[in-house]
Amino acid sequence: MDHIVSAIKGIQADSGKLPSERDLAERLNVKRHQLRKALAILRQSGDLMPAPARRPSTALPRYSEELVRMTNPLEVLELRLMMEPGLARLASLRASALEIARITHAATTPDNAAAGAVDLAFHLAIATGARNHLANEFYKMLRQVGVDARVRIASDAPVCPRRVGERDAEHRLIAEAIAQRDPEAAEAAMRAHLLSVQKRINARSNAGAVAA
């Protein structure tokens, strides 16, 4: 099993991604059940991304419609403030080198990329790196509710290059603290980032109230 795991790591390092299970099993000349055990070991250690969910990506968690109806952007942010600093702390302690590389990569928005998608990828990478499966699933549900158009009336999504740059700078501070294995700094940087988001949402909500 150690030999299979090492061989998979080598293929991943050379090509950056892995072929299908069938092709990989043939290349390594191993049985599929042996390959799956090796892949599970790599996923557990954080050297491989979790297997994709079998349910359709568009499927909403149960009760999501009701949650969307009864919540608002500030409530979503309040819950994120409760969860995400702790997830950043755990990621600084538990994330693998590969997970840290993904977090660092997602901290900067590439040119012409969708800012909202990059933001979501960054925060989900941290949740994955925290290595708490239950918290990760709760967080995915929270963000799914948060990106619903009915909740994003006072959206915190960046709308200008200046704000994207400011957000990326905040993200990089979080990523650097995680990479340095500094739980206090990671937790503090995440809290500061979310408080900044909360401040902007409050400002937009107040502006809308005045306009009304």
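These figures come from a predicted structure and were not determined experimentally. (Residues numbered from 1 in each chain as written. Predicted model: local features only at pLDDT ≥ 70, side-chain atom pairs only at ≥ 80, totals over all residues. Heavy atoms only, no water.)

**Focus on the environment of His3**
For clarity, the cut-off: Labels follow the DSSP assignment, with helices taken as runs of H or I lasting at least four residues and strands as runs of E lasting at least two, numbered in each case from the N terminus. For each residue, the accessible area found with a 1.4 Å probe, counting protein chains only, is set against the maximum for its type, and the residue is called buried under 20%, exposed over 50%, and partly exposed in between.
With respect to the helices, strands and loops of the structure, His3 is situated in helix H1 (residues 2-15). Taking the relative accessible area as the measure of exposure, His3 reaches 66% and is therefore exposed.

**Examining helix H7 (residues 115-129)**
Applicable threshold: Given the number of residues in a helix, its expected span is that number minus one, multiplied by 1.5 Å.
Under the 1.5 Å per step criterion, the end-to-end length of H7 is 21 Å for 15 residues, consistent within 8% with the ideal 21 Å. Residues of H7 that are buried: Ala115, Val118, Asp119, Phe122, His123, Ala125, Ile126, Ala127, Thr128 and Gly129. Arg131 lies just past H7 and shows a positive phi near 60°.

**Re the nonpolar core**
Which entries qualify depends on this criterion: The term nonpolar core refers to a set of buried residues drawn from Ala, Val, Leu, Ile, Met, Phe, Trp, Tyr and Cys, joined through side-chain atoms within 4.5 Å.
Among the nonpolar cores identified, the biggest contains 22 residues, and Ile103, Phe122, Ile126, Ile174, Ile178 and Met190 are the most heavily contacted of them. When residues of this core are assigned to their parent elements, the largest contribution, six residues, is made by helix H10 (residues 183-211).

**Notes on the pattern of salt bridges**
If the charged atoms of two oppositely charged side chains come close together, the side chains can form a pair. How we decide: Salt-bridge detection follows one rule: a side-chain nitrogen of Lys or Arg within 4 Å of a carboxyl oxygen of Asp or Glu.
Tallied over the entire structure, the rule returns 13 salt bridges. The residue Arg36 makes a salt bridge to Glu21 at a minimum N-O spacing of 2.9 Å. Of the two residues, Arg36 sits in helix H3 (residues 32-45) while Glu21 sits in helix H2 (residues 21-28), which places them 15 residues apart along the sequence. In this structure, Glu187 and Arg191 form a salt bridge, with 3.5 Å as the shortest nitrogen-oxygen distance. Linking Glu187 with Arg191, this pair stays in helix H10, spanning four residues, or about one helical turn. Classification of Glu187 by relative accessible area gives buried; the value is 19%. Put simply, Arg89, Glu184, Glu187 and Arg191 are held in one network by salt bridges that share partners.

**What to know about the environment of Pro73**
Turning to its location among the elements, Pro73 is positioned in helix H5 (residues 73-94). Spatially, the C-alpha atom of Pro73 lies 9.3 Å from that of Val147, the residues being 74 residues apart in sequence.

**Some thoughts on the side chain of Arg143**
To keep it simple, the criterion reads: Counting of polar contacts relies on pairs of N or O atoms within 3.5 Å, with two restrictions inside protein: one atom must be capable of donating a hydrogen and the other of accepting it, and residues adjacent in sequence are counted only when both atoms are side-chain atoms. Only heavy atoms enter the contact rule, under which two residues are in contact if any of them lie within 4.5 Å.
Tracing the backbone through its elements, the reader meets Arg143 in helix H8 (residues 133-146). The exposure class of Arg143 is buried, given its relative accessible area of 8%. Of note is the side chain of Arg143, whose polar atom sits 3.3 Å from the side chain of Asp119. With residues near it in sequence (within four places) discarded, Arg143 still touches Arg80, Asp119, Leu120 and His123.

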